[in-house]
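# Understanding the architecture of this molecule
The chain contents come next:
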Amino acid sequence: MMRPEDLLRPTPNGLYCPPGDFYVDPVRPVDRAVVTHGHSDHARAGHGAVLATPQTLSIMAERYGQDFAGRRQAVAYDETASHNGVEVTLVPAGHVLGSAQAVIHRNGLTMVVSGDYKRRRDPTCAPFEPVPCHVFISEATFGLPVFTHPPDTEEIGRLIHSLSQFPGRAHLVGAYALGKAQRVIRLLREAGWDRTIYYHGALERLNRLYEREGIELGPLAPATGLGKDALGGEVVIAPPSAIQDRWARRFADPVTAFASGWMGVRARARQRGVELPLVLSDHADWNELTATFLELKPEEVWITHGREEGLLRWAELNRQKARALRLVGYDEEDEEAPAGGPD
């Protein structure tokens, strides 16, 4: 069996596979890239060739234009592609629509690059699929014991309670354009909210993409052309930056909410002026991360982009061989610029 370092190694461009001559989620344009999901810190335009799930390729085309890469190769879940004797299989990561773990295999060695992932149910994407492997390369966004996310139903219940408590106030929910916005909408629908949900123009194209992929979002309408003090008692979904912008002044005495794993940190909520923090994350929390390591029992865990030190200490205490890759260029929780479009 070959050494893990000979199959995948960290470089300034990202994780590189020398025998396959490709990168996984490179942070700058390269000749060949495997892309785990569509968030802009993992999916960048300008590569010579991109291998990803069909949904991720559609998201990249929606965000960057049809010419985002020289060539594209769509690989469905559990299908395998081969390049220079290296097999690449994409399996669900449970992060956002089309998100995948990259299972890389050669000469008896299997390494899994998780990309971003979570273990709890998400009505907008396929659930995380554990894959036995020799080396598991895990994100660590919420890799400290303090990060234990509450149940999604509890957080959505708080939003619905606020709507009944303040029926005259518009509820502006800050949510990232890809994944979080659509997940909040679906969770509201599952909780019984069947009224029209309004959205910022930056979300329109991705909402439509999700619906084309079979994710039913229910009645939606753009929050445009409104008079002053509009939409009292209604839900408006917008990029996080918009709820603090002059765009938000058109709404009736708005309750500002923000759906993010970071809303469990009170100082962050206060800093953003958030009245209703909703702890909803598309990343695994501490318990999900450590439970995944215990379930997979890999020979090694490689930890990247996040709170690496906490998980390294956990691995030491649990006699799990681990190392930190210290890759740079990845955001803390997909806090991206709006996807574009009218407000």
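Scroll up to find the structure this text is about.
A brief report on the enclosed structure follows. (Residues numbered from 1 in each chain as written. Predicted model: local features only at pLDDT ≥ 70, side-chain atom pairs only at ≥ 80, totals over all residues. Heavy atoms only, no water.)

### A few points about the environment of Asn287
Relative to the assigned elements, Asn287 resides in helix 7 (residues 286–296). The sequence separation of Asn287 and Val146 amounts to 141 residues, and the corresponding C-alpha distance is 9.9 Å. (Helix = DSSP H or I, 4+ residues; strand = E, 2+ residues; numbered from the N terminus.)

### Some remarks on the side chain of Arg186
Among the structural elements, Arg186 can be located in helix 4 (residues 180–190). A residue is classified by how much of its surface remains accessible, and Arg186, at 19% relative accessible area, is buried. At 3.0 Å, the side chain of Arg186 forms a polar contact with the backbone oxygen of Glu216. Residues within four places of Arg186 in sequence aside, it is in contact with Pro123, Thr124, Ile215, Glu216 and Leu217. (Buried < 20%, exposed > 50% of the residue type's maximum accessible area, 1.4 Å probe, protein only. Polar contact = N/O pair within 3.5 Å; in protein donor to acceptor, adjacent residues only side chain to side chain. Contact = heavy atoms within 4.5 Å.)

### As for the packing of helix 7 against helix 8 (residues 308–317)
One can describe the packing of helix 7 onto helix 8 by two numbers: an axis separation of 12 Å at closest approach and a directional angle of 40°. Between helix 7 and helix 8, the crossing angle belongs to the class labelled oblique. Our pair here, helix 7 against helix 8, has a crossing hand that is right-handed. Contacts between helix 7 and helix 8 involve Trp286, Leu289, Thr290, Phe293 and Leu294 from the former and Gly310, Leu311 and Trp314 from the latter. For the contact of helix 7 with helix 8, the per-class residue count stands at six nonpolar, two polar and no charged. (Axes fitted to C-alpha atoms, helices over the stretch in contact; angles between N-to-C directions. Parallel < 35°, antiparallel > 145°, perpendicular 65-115°, else oblique. Left-handed = near helix turned anticlockwise from the far one by under 90°. Nonpolar A, V, L, I, M, F, W, Y, C, P; charged D, E, K, R; others polar.)

### Quick look at the nonpolar core
Ranked by internal contacts, the top residues of the largest apolar core, which has 32 residues, are Val173, Val184, Leu188, Val235, Ile237 and Leu278. Elements with a contribution of two residues or more to this core: helix 3 (152–165), helix 4, strand 13 (197–199), helix 5 (204–212), strand 15 (235–238), strand 16 (255–259) and strand 17 (276–278). With five residues, the top contributor of residues to this core is helix 4. Apart from the residues within four sequence positions on either side, Leu278 is in contact with Glu155, Arg158, Leu159, Val173, Ala257, Phe258, Ala259, Ser260 and Met263. Of all hydrophobic cores here, the second largest spans 25 residues; its members include Leu7, Leu90, Ile104 and Val113. (Core = buried A, V, L, I, M, F, W, Y, C linked by side-chain atoms within 4.5 Å.)

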